Amino acid sequence: MNVAQQYIDLYEDQKGVITTHSSGVMNAPRELALESFVQQGIPTKGLERYRYTDLSHVFDIEYGVNLKTLLPNYNPYNDFSCDVDDIESSLHFLVNGVYQGASETPNLPDGMLVGSLRKLTEEYPEKFAPYYNKLAGEKNDPMACFNTAFAQDGLLVYVPRGVEYTEVLQLISLFRSQVDMLINRRLLIILEDQASMKMLLCDHVDNDITYLSTQTIEIYLGKGARLEMYDLEETHNETSRINNVYVQQEADSSFLMNGTTLHNGLSRNDIYVDMIGEGADVLLSGMVIADKKQHIDNHTFIRHAVPNCTSHELFKYILDNQAIGAFSGRVLVERDAQKTLSEQSNKNICLTKSARMYTQPQLEIYADDVKCSHGATVGQLDDQALFYMQQRGIPAKEARMLLMFAFVDDVINTIRIPVLQERLRKLVEQRLRGETNKCTGCALCGGRTCNK
Amino acid sequence: MLEIKDLHASINGKEILKGINLNVRPGEVHAIMGPNGAGKSTMSNVLVGHPKYEVTKGTVTFNGKDLLEMAPETRSHEGLFLSFQYPVEIPGVSMVNFMRAAMNERRKYQGLEPLKAGEFLKLMREKRAFVEMDSKLVNRAVNEGFSGGEKKRNEIFQMAMLEPKLSILDETDSGLDIDALRIVADGVNKLKTPDTSTIVITHYQRLLDYIKPDVIHVLYDGRIVKSAGPELALELEEKGYDWITKEK
């Protein structure tokens, strides 16, 4: 049987339950999205955009679902006593994709909204309907369509014109179940003109269950808006995540997205940035440290539609054992997008002969007065440097550690919150030293999960 | 201190060292000269345990211990130091982190506690001043973007930090102008004690004007073919190597 069929059947059978436990705004595009998913199916390697990541086998498992959006009898606040001393942060939880609230009542500026996507779109349907599934719907990716058909809740963030939110908004997305589980979650983030904020997203698992999560994030940045988004995936080898991110940037807006994958099973991050206003700036950076059979595919697409925008990409992978990494960076510079500045760099280290890295820069330039560059390398640790360090008394193992740590340091330096940089350095060091071999909880926020 | 007996070594199956015999006592400075391809760099690489070279025969004892049995880092901990002919650039690893790791690994080997941050930085400052190294360099990544002279000075700085018992200077004079040569040689001379020894590998007599050897050896085709006092350097400078190799 076609792998997709069980999900199509599930939708048809449970349509009523799905819509009852969601909002009108979220229900509106469901039918069309499902139809599009039915036509396209689950992406396999036959599809150019998915040539390095075949998703059929991660869907070919009988997952449980939580269509009644029940929250487990569990209080995440007990585990996540946020102790990031030097970060003013407010902590929000999604448990299995359902918004469970904040660690304390957030002290929000006038007009700013943060909370359950379902509840807030129920409360303000006219305000948010024009945004919901507009970017994702246009792109029509089969996985985003799947998410649109099934997602019932998630997080909504709305920052009105001119509001600068200075705390770091942290979203902990926790998977917790007794049976293998499919989780669909959705984020809608709207920053009006001149608004700014910083977000930290952490994915964690609570036990050794097999999880498949889909996530679609839509981000709207108004004129001069500034968003920093830090995304940490620290789950375990039985977790698959399919993450579609759509960003629209108006004039002079600035977007930074830094993604770190430390532990996972299979991950596909699809990031689409559309720069539609002059003077917009985007920086996408990512770091992957993977071993065993971890599989990570970062797929980015930046569209320069207008003149004078800048884009930077920096992705680095360290792959051990039989890990597989893929990066593709497509940059499209439209005919009118003169004075575009675009840089892309993807550097990778394969520590073993069986680790695999696929890298694919794709520049498509129709304007004639632009500056675009790209570079990609796949290599090993520098033997000469290793020997030099050994001669100075640093044991081989420690020397390798220092070299790997140095290798990813410039990615960590793209993080603009110093405390977060330090935390991540520590986490990366532990990871490289093999002190953590799966999720040990949120080292960024001091929480602990995965007691097994 | 160092006793090399009938040392044979090869790289990729090709024999380069064909029976080296050498004895270095505490406090001595030995110079090793010889034409290109004689095996000078191979000898220094074999002594510090470079994995590319294979020792096929012979023994090396260092302060009574079997040197060839030790991992490269252990040789370093035991007091062996190589000033590389081509010091390696290590982007992203700062000089401070690199030296701290090196110092503390050695202390661990010696059963000592790691240095406190303050002590370590003070030591760095002292030794840096000692070799007249620009403070900007120690704040950078190891050798990254250093000029040829700065790299060699950095080698001597590391030597000052680690205080080895036996230092091998592999073509330390290559790529140095005369001022840099003087500073590097001064550093080496100031670091010398009656208990430490030095092996200077060089093409030219020039460096030996600054670092005075007790013995000069001529290495040719994988063997030491002549050993004599410092006057040999002048003779070599004048006549080249031909007369020795013909003598053979």
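The residue numbers shown here count from 1 along each chain, following its written sequence. Key to labels: chains lettered from A, ligands numbered from 1, both in the order written. Two thresholds apply to this predicted model, a pLDDT of at least 70 for residue-level local features and 80 or more for giving and counting side-chain atom pairs, whereas whole-chain, interface and lining totals are computed over all residues.

Colleague: So what exactly am I meant to see when it comes to the overall build of chain A here?
Modeller: Numbered from the N terminus, helices here are DSSP runs of H or I no shorter than four residues, and strands are runs of E no shorter than two. Helix and strand content of chain A: 12 helices and 19 strands. Between the two quantities, the radius of gyration covers C-alpha atoms and the globule rule is 2.2 Å times the number of residues to the power 0.38. Computed over C-alpha atoms, the radius of gyration of chain A comes to 21 Å, within 12% of the 22 Å expected from 2.2 N^0.38 for 452 residues, which places it in the range of a compact globule. Each residue is classed by its C-beta neighbour count within 10 Å, where at least 20 other C-beta atoms makes it buried, 12 or fewer makes it exposed, and intermediate counts make it partly exposed; the C-beta atoms are placed from backbone geometry. When the 452 residues of chain A are sorted by exposure, 52% land in the buried category. Once C-beta atoms have been placed from the backbone, residue pairs whose C-beta atoms lie within 7 Å are recorded as contacts. In chain A, 83% of the contacts between residues at least 6 apart in sequence involve partners at least 24 apart.

Colleague: Mind showing me how you'd approach the overall build of chain B here?
Modeller: Across its full length, chain B holds nine helices and 12 strands. By the burial criterion, 42% of the 248 residues in chain B qualify as buried. Nonlocal contacts in chain B, meaning residues at least 24 apart in sequence, comprise 70% of its contacts between residues at least 6 apart.

Colleague: It is not clear to me how the environment of Met389 of chain A should be interpreted in this structure. Could you clarify?
Modeller: All names here are of chain A. Inspection of the secondary structure puts Met389 in helix α10 (residues 383–391). For Met389, a count of 29 C-beta atoms within 10 Å translates into the label buried. Met389 sits 168 residues away from Leu221 along the chain, and the two C-alpha atoms are 47 Å apart.

Colleague: Would you explain the packing of helix α6 (residues 148–162) of chain B against helix α7 (residues 178–191) of chain B in this entry?
Modeller: Packed helix pairs are specified by the crossing angle of their axes together with the interaxial distance, meaning the distance between the axes. Residue and element names in this part refer to chain B. Think of each axis as a best-fit line through the C-alpha atoms, taken over the contacting stretch in the case of a helix, with angles from 0 to 180 degrees between the N-to-C directions. Their axes nearest at 10 Å, the elements α6 and α7 cross at an angle of 10 degrees. The pairing of α6 with α7 is recorded here as roughly parallel in orientation. Each of Gly149, Lys152, Arg153, Ile156, Met159 and Ala160 in α6 lies in contact with α7, whose residues at this interface are Ala180, Ile183, Val184, Gly187, Val188 and Leu191. Roughly parallel means an angle under 35 degrees; roughly antiparallel, over 145; roughly perpendicular, 65 to 115; everything else is oblique.

Colleague: Even after reading the chapter, I still don't get the packing of α10 of chain A against helix α11 (residues 396–412) of chain A, so can you show me in this structure?
Modeller: Residue and element names in this part refer to chain A. At a minimum axis separation of 9 Å, α10 and α11 run at an interaxial angle of 125 degrees. Classified by the interaxial angle, the pair formed by α10 and α11 is oblique. Here the hand of the crossing between α10 and α11 comes out right-handed. Counted together, Ala385, Leu386, Met389 and Gln390 of α10 and Ala396, Ala399, Arg400, Leu402 and Leu403 of α11 form the full contact between these two elements. Helix crossings fall into two classes, left-handed where the near helix is turned counterclockwise from the far one by less than a right angle and right-handed where it is turned clockwise.

Colleague: Looking at this structure, how should I read the sheet that holds strand β5 (residues 164–175) of chain A?
Modeller: As a general point, the strands of a sheet are linked pairwise by backbone hydrogen bonds and lie either parallel or antiparallel. Residue and element names in this part refer to chain A. The criterion for strand pairing is that DSSP finds at least two bridges linking the strands in question. Across the sheet, which stays open at both edges, the 10 strands sit in the order β2-β1-β5-β7-β9-β11-β13-β15-β17-β19 with mixed pairing between neighbours. Edge strands, defined here as strands with exactly one partner in the open sheet, are β2 (98–102) and β19 (371–379). Shown here is a sheet whose adjacent strand axes are inclined to one another by a mean of 10 degrees, direction ignored. Bridge count for strand β13 (residues 281–290) against strand β15 (residues 310–319) is 10 bridges, and the pairing is parallel. Its bridge partner lying in β15, Leu284 is registered against Glu313. This element, α11, spans β13, β15 and β17 (341–350) of the sheet and lies at about 160 degrees to β15.

Colleague: So what exactly am I meant to see when it comes to the domain arrangement of chain A here?
Modeller: One frequently used descriptor of interface size is the decrease in accessible area upon assembly of the parts. The domain boundaries assigned to chain A delineate domain 1 (5–277 + 415–432) and domain 2 (383–409). Start and end positions for the domains come from either an automated domain assignment or a database one. Computed from C-alpha coordinates alone, the two centres of domain 1 of chain A and domain 2 of chain A are separated by 38 Å.

Colleague: Would you explain the interface of chain A and chain B in this entry?
Modeller: Taken together, the contact between chain A and chain B spans 16 residues of the former and 20 residues of the latter. Residues are grouped as follows: Ala, Val, Leu, Ile, Met, Phe, Trp, Tyr, Cys and Pro are nonpolar; Asp, Glu, Lys and Arg are charged; every other residue, Gly included, is polar. Classifying every residue of the side of chain A that touches chain B by side-chain character gives nine nonpolar, four polar and three charged.

Colleague: Sorry, what's going on with the sheet that holds strand β2 (residues 14–24) of chain B here?
Modeller: All names here are of chain B. Spatial ordering of the open sheet is given by β2-β1-β4-β5, a layout of four strands whose pairing is antiparallel. Two strands bound the open sheet, and with one partner strand each, they are β2 and β5 (65–66). Sheet topology note: the strand β1 (residues 2–11)/strand β4 (residues 53–62) ladder contains eight bridges and is antiparallel. Bridge pairing in β4 places His8 opposite Lys57.

Colleague: Would you mind going over the confidence of the model for chain A with me for this structure?
Modeller: Caution is warranted with low-pLDDT regions, since their predicted coordinates should not be read in detail. Here pLDDT means the predictor's own confidence in every residue, given as a number from 0 to 100. On average, residues of chain A score 91 in pLDDT, and 94% of them reach the 70 mark or higher. Throughout residues 446–452 of chain A the model reports pLDDT below 50, and contacts reaching past four residues in sequence, or to other chains, amount to 25 contacts.

Colleague: How do you make sense of α7 of chain B when you look at a structure like this?
Modeller: Because each turn of an α-helix spans 3.6 residues, side chains separated by three or four positions end up pointing in the same direction. Residues and elements named next belong to chain B. The span expected for a helix works out to 1.5 Å for each residue beyond the first. With 14 residues, α7 should reach 20 Å at 1.5 Å per residue; the first-to-last C-alpha distance of 20 Å fits that figure. For α7, the set of buried residues is Leu181, Val184, Ala185, Gly187 and Val188. Along the axis of α7, the buried positions cluster into a sector of 155 degrees, meaning they face one direction only. Facing away from the buried side of α7 by over 90 degrees, the exposed positions are Ile178, Asp179 and Lys190. For this quantity, the arc is that covered by the directions from the helix axis to the C-beta atoms.

Colleague: I'm lost on the environment of Gly222 of chain B in this one. Help?
Modeller: Locating Gly222 of chain B in the fold gives a position in the loop between β11 (215–220) and β12 (223–228). Ignoring any residue separated from it by four or fewer positions in sequence, one finds Gly222 of chain B in contact with Glu15, Ile16, Leu17, Lys18 and Gly39 of chain B.

Colleague: Just checking my understanding: could you explain the nonpolar core for this structure?
Modeller: Side chains of nonpolar character tend, in soluble globular proteins, to be buried together. Residue and element names in this part refer to chain A. As used throughout, a nonpolar core is a set of buried Ala, Val, Leu, Ile, Met, Phe, Trp, Tyr and Cys residues joined through C-beta atoms within 7 Å of each other. Formed by 194 residues in total, the largest nonpolar core has its most connected members in Val157 and Leu191. Structurally, this core is a two-domain feature, drawing no fewer than three residues from each of domain 1 (5–277 + 415–432) and domain 2 (383–409). When neighbours within four sequence positions are excluded, Leu191 is seen to be in contact with Val159, Ser196, Met197, Tyr220, Leu221, Gly222, Ala225 and Leu227.

Colleague: In this structure, what is going on with the environment of Ile394 of chain A? I would like to understand it.
Modeller: For Ile394 of chain A, the location among the structural elements is in the loop between α10 and α11. Apart from residues lying up to four places away in sequence, Ile394 of chain A is in contact with Met389 and Ala399 of chain A together with Glu73, Ala101, Ala102 and Glu105 of chain B.

Colleague: Is there a simple way to think about the pairing of β2 of chain B in this case?
Modeller: Side chains on a regular strand alternate between the two faces of the sheet. Residue and element names in this part refer to chain B. Bridge count for β1 against β2 is eight bridges, and the pairing is antiparallel. When the bridges of β2 are listed, Ala9 appears paired with Leu17. Linking two consecutive strands that pair antiparallel, namely β1 and β2, is a turn of two residues; a positive phi of about 50 degrees is found at Asn12 within it.

Colleague: What is the right way to look at the pairing of strand β10 (residues 197–201) of chain B in this model?
Modeller: Residue and element names in this part refer to chain B. Within β10, five of the five residues are buried, which leaves the element mostly enclosed by the surrounding structure. Across the two faces of β10 the burial is the same, with Ser197, Ile199 and Ile201 and Thr198 and Val200 all buried. The pairing of strand β3 (residues 29–33) with β10 spans four bridges and is parallel. Bridging across to β10, Val29 finds its partner in Thr198. As defined by bridge partners, strand β9 (residues 166–170) adjoins β10 across five bridges and the pair is classed as parallel. Bridging across to β10, Ile168 finds its partner in Ile199. Seen with its strands pointing away from the viewer, a crossover is right-handed when the path leading from the first strand over the helix to the second is clockwise. Handedness of the crossover joining β9 and β10 through α7: right-handed.

Colleague: Any chance you could explain the confidence of the model for chain B here in plain terms?
Modeller: Residues and elements named next belong to chain B. Confidence along chain B averages 90 in pLDDT terms, with 99% of residues attaining 70 or more. Ranking the elements of chain B by mean pLDDT puts helix α9 (residues 242–247) last, at 71, and helix α2 (residues 72–77) first, at 97. Reported confidence for the predicted complex is 0.95 by ipTM and 0.88 by pTM.

Colleague: Hey, could you run me through unusual backbone geometry in this one?
Modeller: Most peptide bonds take the trans configuration, and most residues that are not glycine carry a negative phi. All names here are of chain A. Phi is positive for Asn140, close to 60 degrees, though the residue is something other than glycine. Inspection of the secondary structure puts Asn140 in the loop between α8 (134–139) and α9 (142–150). A positive phi angle, near 60 degrees, is found at Lys339, a position not held by glycine. Here Lys339 lies in the loop between β16 (324–333) and β17.

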